[in-house]
Amino acid sequence: MSANPEHDVSAGVDFVKESQSEEFQELRKTHRSFVFPMAIFFLVWYFAYVLLADYFHDFMSIKVLGNINMGIVLGLLQFVSTFAITAAYVSFSNKKLDPKATKIRERLEREGVN
């Protein structure tokens, strides 16, 4: 749906042709340049935690503060990293993706009005 309901041109857009346009390909490339490395980073970090918990009991049971051990600290850091990745994506999207997507949408609305 268009951001401007007065200019809803979605019925007249050739989505296959648009998905092959240079502007859209650049938008996808920019999106992938953030998402794929970040997904790989997070999966490596997540599986490292799982492997540490499963095979390195001595390390995970090291006391950090009182009854708090490395396992708890690293487990909580899983949540922190999830929120950090989300915040980083929102910032990236606002700065890099949204301007490109807005440019495409505005062009499509202009072309649809004619």
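Residues numbered from 1 in each chain as written. Predicted model: local features only at pLDDT ≥ 70, side-chain atom pairs only at ≥ 80, totals over all residues. Heavy atoms only, no water.

- If you look the chain up in an unreviewed UniProt entry, it shows as Clumping factor B from Glutamicibacter nicotianae.

1. Remarks on the nonpolar core
The nonpolar side chains of soluble globular proteins are, as a tendency, buried together.
Next up, step 1: If you look at the biggest cluster of nonpolar residues, it comprises seven residues: V13, L27, F34, F92, L97, I104 and L108.
Next up, step 2: Contributions of two or more residues to this core are made by α2 (22-55) and α4 (70-113).
Next up, step 3: If you tally residues by element for this core, the top one is α4, at four residues.
Next up, step 4: Ignoring anything within four residues of it in the chain, the contact list for F34 reads I85, A88, Y89 and F92. (Core = buried A, V, L, I, M, F, W, Y, C linked by side-chain atoms within 4.5 Å. Buried < 20%, exposed > 50% of the residue type's maximum accessible area, 1.4 Å probe, protein only. Helix = DSSP H or I, 4+ residues; strand = E, 2+ residues; numbered from the N terminus. Contact = heavy atoms within 4.5 Å.)

2. Details of the pattern of salt bridges
Side chains carrying opposite charge are able to pair once their charged atoms draw close together.
Next up, step 1: For the structure shown, the criterion picks out four salt bridges.
Next up, step 2: Linking R107 and E23 is a salt bridge whose minimum nitrogen-to-oxygen distance equals 2.5 Å. Of this pair, R107 sits in helix α4 while E23 is found in helix α2, placing the two residues 84 residues apart along the sequence.
Next up, step 3: By relative accessible area, E23 is classed as partly exposed at 26%.
Next up, step 4: Notably, a salt bridge pairs E109 with R105, separated by 3.4 Å at the nearest N-O pair. With E109 and R105 both in helix α4, this residue pair falls four residues apart, about one helical turn.
Next up, step 5: For E109, a relative accessible area of 11% gives the class buried.
Next up, step 6: One network of salt bridges, in which partners are shared, links E18, E23 and R107. (Salt bridge = Lys/Arg side-chain N within 4 Å of Asp/Glu carboxyl O.)

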